[in-house]
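So you can see what is in the structure, the chains are spelled out below.
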Amino acid sequence: MSEAKAEIATPKKKVERKISKPIPPPAVSTALLILRGTIAGITGCSIGNETAASLMQPSFVKDKGPTGKFSVGLGKRNGSLCELDVGMEGDDGDADKETAAALLDAIEKAANRIIAEDLSVVRFQMTREEAVAKYGNVIFDQSQQKPPKKKKDVPPPLDLVYIEGLVLAVSPGPTFSSTGQVKSIELQRGNYMSCVTAGKKARKCEIGIKFKATGLEDSSSTLTELGEPVSMDVIEPLTASKIRLQEGNDFALVQQTKQMLINKDKESKANEATEKKRDEEEMVVDPFSVQGKIDYTKLVKNFGSKVIEPELLQRLYDVTVKRGTVPYLHRFLRRNIFFSHRDLEAILDQVEKNQPIFLYTGRGPSSSAMHLGHLVPFLMTQWLQQAFNCPLVIQMTDDEKFLFKGEYTENAGYNLDYYANLTVENARDIIACGFDPDKTFIFSDLDYVGQMYPNICKIWKSVTTNTVNGIFGFDGSSNIGKIAFPAIQAAPSFASSFPVALNVRNDPSKDNMACLIPCAIDQDPYFRMTRDVAHKLIINQNEHPLRGKPALIHSKFFPPLQGAMGKMSSSDENSAIFLTDTHEQIEKKIKEHAFSGGQDTKKLQQELGANLEVDVSYQWLRFFMEDDDELERIGKEYGSGTGEFWSTGIVKAKLVDVLKNIVTEHQARRKEVSDEVVKAWMKERCLL
Ligand code: TYM
């Protein structure tokens, strides 16, 4: 408005609006009182403190029918004035409808019980000052909070009513009956229906009530007369946040249980999420480290290999056991320890057609003693060699271990010789695994690399530094030997790397011999890289059953003594049993360090049994105990805490026995492997 206009504008007369309040029938007024008390008694609202004085606020009383409507503020957010969280949050972040409905049910039930008890309603009058001094502000609803403006010298007396446990101020006019004169109180539900508004979106919590209260026909005859003020002694203290009615306790119990379940659910979802995250974060499987809880299903998916399905195992059985080359499928296959593969079908095709294949595996000699975990792929390879009656090449990557772990000192220079010597020591253990001497060639990269060099050059030319860095996690700070090395582990996958051993020099068709590599799944990255470029190393691609690609069969990891995480490591003495360990060392390590899945007490163990999944002794027995029936029995008894093998101690003792035998026999065979024998196995010669 412009200034000029403002000057001439005449001020409007304030129209005083008169709100005429119809006087409700006694049943409605009495029901309102009952409901006000009931809500407080059920929610445990602290109606005695100043801020809670607005608890009851009749907002509408309809003349047309015996209905009333009012709302109750229950405090901030989820009902800060209440004893319990009435504004539970639903899935959508809004108020939980179920809770609101349950609360209304409880109020209705309590109100009707009070009717049935026919409690007397006492009406009395006193001055406002007196009433506040005696009962506190709790007696007022919101509309009565402020004292009326003094129009007369003497303010009119305040009307109050008392029903057991509750004193309330009422506006003048309505009449009340005893509670028994109300026939029924019905809370209305539906769209309009009252609900607790809460949840994330709520700033305050409020319950709206719309009710229908019918009175007995003759209720007018029992209207409450004015009586004496109620003494404070008979009024239960209303100041505490306390649930005062049985219906409130029932409601609270349901609510608390529900809240507990919600919290539990939230907690377990949160735990699941953190566990999943931790597993994801911690599961590292590559040739240089194996960490965390290994999820083999996920690994197969991530790596893109295939699970060995029962049908494939049956085919393997048919071309080996059925042909009589081996007496039974190896326990590693029977027990799903070798569990994943790449193109194993193609190898079986070749075997079925009596076409030549060769096996290739290896060892990075990083310590003089090999541990039980290292035995796993070698024992499998030994079985495969016997089963397929085929040549085998074993690469000793002394160069790799030097490039990754070698040291330089001023006095001694590089310790390359140290790794060359470890090759010989480890070769003794490998020979002791029982390979066919006529069909097995063990070679040290440092010696033999020249024969593979043409293939190594071709691989170098086919793979970029970026690819190698991506697969193995190298970067600009890695020595160039590390970046070059994957090609050296790839090269033996091609028969042409063995011009003498596989006779490719004299018979070029041998270039097409398919290769099968048994290893634990940590070595797979080398061979993914190899398979990607394999076709470039084969002259007649179509003649090779896999266009040059090596096939693979992968094992799970033999777990360390401390538990089923990661893989056994040579660098932690107490995590592994070495093939050089004495009986005493084996016994001590297992007794002291093997992680137990058993229960804490004898009683619990006999009640619940052990968790076999995490129990190292049981898991180790799966790898090394031959007898399936006995293993099954141990699993059943230990897993249920019954029978001979009910306890960790007994299972550990069994494992000690099994391992002592294996290690003793291995050591005896190893003792036979002289330097001369090693030389013979490492001599380049034709294996066909
Ligand atoms: P290396 O010496 O780390 O391991 C030798 C072989 O043992 C497997 N292995 C295990 N298997 C089961 N449980 C365990 N806890 C466990 N620890 C190790 C390995 O997967 C591997 O098969 N770079 C390789 C040497 C190599 C090679 C290969 C291995 C060269 N060419 C061809 C396999 C196939 C290495 O350092 O392995």
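Throughout, residues of each chain are indexed from 1 in the direction in which the sequence is written. For a predicted model such as this one, the threshold for reporting local features is a pLDDT of at least 70, and the threshold for listing and counting side-chain atom pairs is 80 or more; totals across whole chains, interfaces and linings nevertheless cover every residue. In computing side-chain properties, one takes all heavy atoms of the structure into account and sets aside hydrogens as well as water.

### So, the overall build of the protein
- Secondary structure elements are taken from DSSP: a helix is a run of H or I of four residues or more, a strand is a run of E of two residues or more, and numbering for both begins at the N terminus. A count of helical and extended segments in the protein gives 22 helices and 18 strands.
- A total of 688 residues make up the protein; the buried ones form 49% of that total.
- Should any heavy atoms of two residues lie within 4.5 Å, those residues are counted as being in contact. Of all intrachain contacts in the protein linking residues separated by at least 6 positions in sequence, the fraction that spans at least 24 positions is 77%.
- Carbon and sulfur atoms form 51% of the exposed surface of the protein, whose accessible area is close to 34700 Å². The buried label goes to any residue with under 20% of its type's maximum accessible area, the exposed label to any with over 50%, and the partly exposed label to all in between, with areas taken from a 1.4 Å probe on protein chains only. Where accessible areas are quoted, they stem from the Shrake-Rupley method and a 1.4 Å probe; at the residue level, only the protein chains shown are allowed to cover.

### Observations concerning the sheet that holds strand β16 (residues 440-444)
- Note on pairing: two strands pair once DSSP finds at least 2 bridges between them. Strand order in the open sheet formed by seven strands is β10-β11-β18-β17-β12-β13-β16, and the pairing between neighbours is mixed. The open sheet has two edge strands, β10 (306-307) and β16, and neither has a second partner.
- In the sheet, strand β12 (residues 357-363) pairs with strand β13 (residues 392-396) via five bridges, with the strands oriented parallel. Counted as the bridge partner of Gly362 is Gln395 from β13.
- Fitted lines through C-alpha atoms serve as axes, helices being fitted only where they are in contact, and the angles separating the N-to-C directions of these axes extend from 0 to 180 degrees. Its contacts with the sheet place helix α16 (residues 524-533) against β11 (338-342), β12, β17 (514-520) and β18 (551-555), and it is angled at close to 165 degrees to β18.

### Focus: the site of the ligand
- We call a residue near a given molecule or strand whenever any one of its heavy atoms falls within 4 Å of it. Residues in close proximity to the ligand total 24 residues, the closest being Arg363, Gly364, Gln489, Asp522 and Phe558.
- As used in this structure description, the phrase polar contact means that two N or O atoms lie within 3.5 Å; if the pair is within protein, one of them must be able to donate a hydrogen and the other to accept it, and residues adjacent in sequence are counted only when both atoms belong to side chains. Contacts to the ligand include Glu400, whose side-chain N or O atom sits 2.9 Å from a nitrogen atom.
- In this structure, a nitrogen atom belonging to the ligand sits 2.8 Å away from a side-chain N or O atom of Gln489.
- Contact with the protein chains hides 98% of the accessible area of the ligand, taken as 670 Å² for the molecule alone.
- Of all the secondary-structure elements, those providing two or more residues to the shell around the ligand are β12, α10 (372-388), α11 (398-405) and β17.

### Focus: the pattern of salt bridges
- Salt bridge, as applied in this entry: a Lys or Arg side-chain nitrogen positioned within 4 Å of an Asp or Glu carboxyl oxygen. According to the stated counting rule, one finds 28 salt bridges in the structure shown.
- Of the charged contacts in the structure, one is a salt bridge between Lys322 and Asp318, with a shortest N-O distance of 3.5 Å.
- Judged by relative accessible area, which is 28%, Asp318 ranks as partly exposed.
- One salt bridge in this structure joins Arg428 and Glu425, with 3.4 Å as the shortest N-O distance. With a gap of three residues between them, Arg428 and Glu425 both fall in helix α12 (residues 416-431), about one helical turn apart.
- Residue Arg428 is classed as buried on the basis of its relative accessible area of 13%.
- With relative accessibility at 27%, the residue Glu425 sits in the partly exposed group.

### Considerations on the state of the cysteines
- A pair of cysteine sulfur atoms is labelled a disulfide when the two atoms are within 2.5 Å. Per the counting criterion, the structure on display carries zero disulfides.
- Cys390 provides the cysteine sulfur closest to Cys515, a residue in no disulfide bond, and the two sulfurs are 9.7 Å apart.
- Look at Cys515 and you get buried, because its relative accessible area is 1%.

### Overview of the environment of Arg685
- With respect to the helices, strands and loops of the structure, Arg685 is situated in the segment after α22 (675-681).
- As a C-alpha pair, Arg685 and Val500 span 185 residues in sequence and 6.0 Å in three-dimensional space.
- When neighbours within four sequence positions are excluded, Arg685 is seen to be in contact with Pro437, Thr440, Phe441, Val500, Ala501 and Ala680.
- Side-chain polar atoms of Arg685 contact the backbone oxygen of Pro437, separated by 2.9 Å.
- At 3.1 Å, the side chain of Arg685 and the backbone oxygen of Trp681 are in polar contact.

### Some words on empty space enclosed by the protein
- Put simply, the grid is 1 Å and covers the protein atoms alone, a cavity is a trapped set of points that fit a 1.4 Å probe, a pocket is an open set with protein on both sides within 12 Å along at least five of seven lines, and lining residues have an atom within 4 Å of a point. Grid points are joined across faces, edges and corners, and a volume is the space filled by probe spheres set on the points. Evaluation of the coordinates by the stated rule reveals two cavities of 30 Å³ or more.
- As a volume, the second largest cavity reaches approximately 40 Å³.
- Lining of the second largest cavity is provided by Ser493, Phe494, Ala495, Asp511, Met513, Cys515, Ile538, His544 and Gly548.
- Tallied by class, residues from the lining of the second largest cavity come to five nonpolar, three polar and one charged. Each residue is assigned to one of three groups, with Ala, Val, Leu, Ile, Met, Phe, Trp, Tyr, Cys and Pro labelled nonpolar, Asp, Glu, Lys and Arg labelled charged, and all others, Gly among them, labelled polar.

### A few points about the sheet that holds strand β5 (residues 166-170)
- The strand order across the open sheet built from three strands is β3-β4-β5, with neighbouring strands paired in antiparallel fashion. Both outer strands of the open sheet, β3 (122-126) and β5, are each paired with one neighbouring strand and no more. In this sheet, adjacent strand axes meet at a mean angle of 30 degrees when their direction is disregarded.
- Note: β3 against strand β4 (residues 158-163), five bridges, orientation antiparallel. Paired with Phe124 across the strands is Leu160, a residue of β4.

### Focus: the packing of aromatic side chains
- We call Phe, Tyr and Trp rings a pair once their centres come within 6.5 Å, taking the six-membered ring for Trp, and we label the pair stacked below 30 degrees between planes, edge-to-face above 60, and tilted otherwise. Enumeration according to the criterion identifies 27 aromatic pairs in this entry.
- Relative to Phe557, the ring of Tyr296 has its centre 6.3 Å away and its plane inclined at 40 degrees; by these criteria the two rings are tilted. Taken together, the residues Tyr296 in helix α6 (residues 296-303) and Phe557 in the loop between β18 and α17 (583-593) connect sequence positions 261 residues apart.
- The buried category is assigned to Tyr296, whose relative accessible area is 17%.
- Taking the relative accessible area as the measure of exposure, Phe557 reaches 7% and is therefore buried.
- Judged by centre distance (5.8 Å) and plane angle (85 degrees), the rings of Tyr453 and Trp460 are edge-to-face.
- Residue class for Trp460 comes out partly exposed when judged on its relative accessible area of 35%.
- Among the aromatic residues, those joined into a ring-pair cluster are Phe288, Tyr360, Phe404, Phe472, Phe474, Phe485, Tyr526 and Phe527.
- Geometrically, a charge over a ring is one whose NZ (Lys) or CZ (Arg) sits within 6 Å of the ring centre while staying within 35 degrees of the ring normal. In this structure, Arg528 packs its charged tip against the face of Phe303, placed 4.4 Å from the ring centre.
- The ring of Phe339 carries Lys556 above its face, with NZ or CZ at 5.5 Å from the centroid.

### What about the confidence of the model for the protein?
- pLDDT expresses, on a scale from 0 to 100, how confident the predictor is about each individual residue. Residues at a pLDDT of 70 or more form 82% of the protein, whose mean pLDDT is 84.
- Below a pLDDT of 50 lies the segment residues 14-19, which in the model reaches zero contacts outside its immediate sequence neighbourhood of four places, other chains included.
- Within the model, the stretch residues 191-196 combines pLDDT values under 50 with 22 contacts to residues more than four positions away or in other chains.

### So, α6
- Buried within α6 we find Tyr296, Leu299, Val300 and Phe303. Burial along α6 is one-sided: seen end-on, the buried residues are contained in an arc of 100 degrees. Along α6, exposed side chains directed more than 90 degrees from the buried face belong to Thr297, Lys301 and Asn302.
- For α6, the N-terminal capping position is held by Asp295, with its side-chain oxygen 3.2 Å away from the main-chain nitrogen of Thr297. The directions from the helix axis to the C-beta atoms form the arc being described.

### Looking at helix α4 (residues 128-135)
- All buried positions along α4 are accounted for by Arg128, Ala131 and Tyr135. Projected onto a plane normal to the axis of α4, the buried residues spread over an arc of 65 degrees and lie on a single side. Exposed side chains of α4 directed beyond 90 degrees from the buried face belong to Glu129 and Ala133.
- Residues of α4 that are buried in the fold lie against β3, β4 and β5.
- Gly136 sits one or two residues past α4 and shows a positive phi near 85 degrees.

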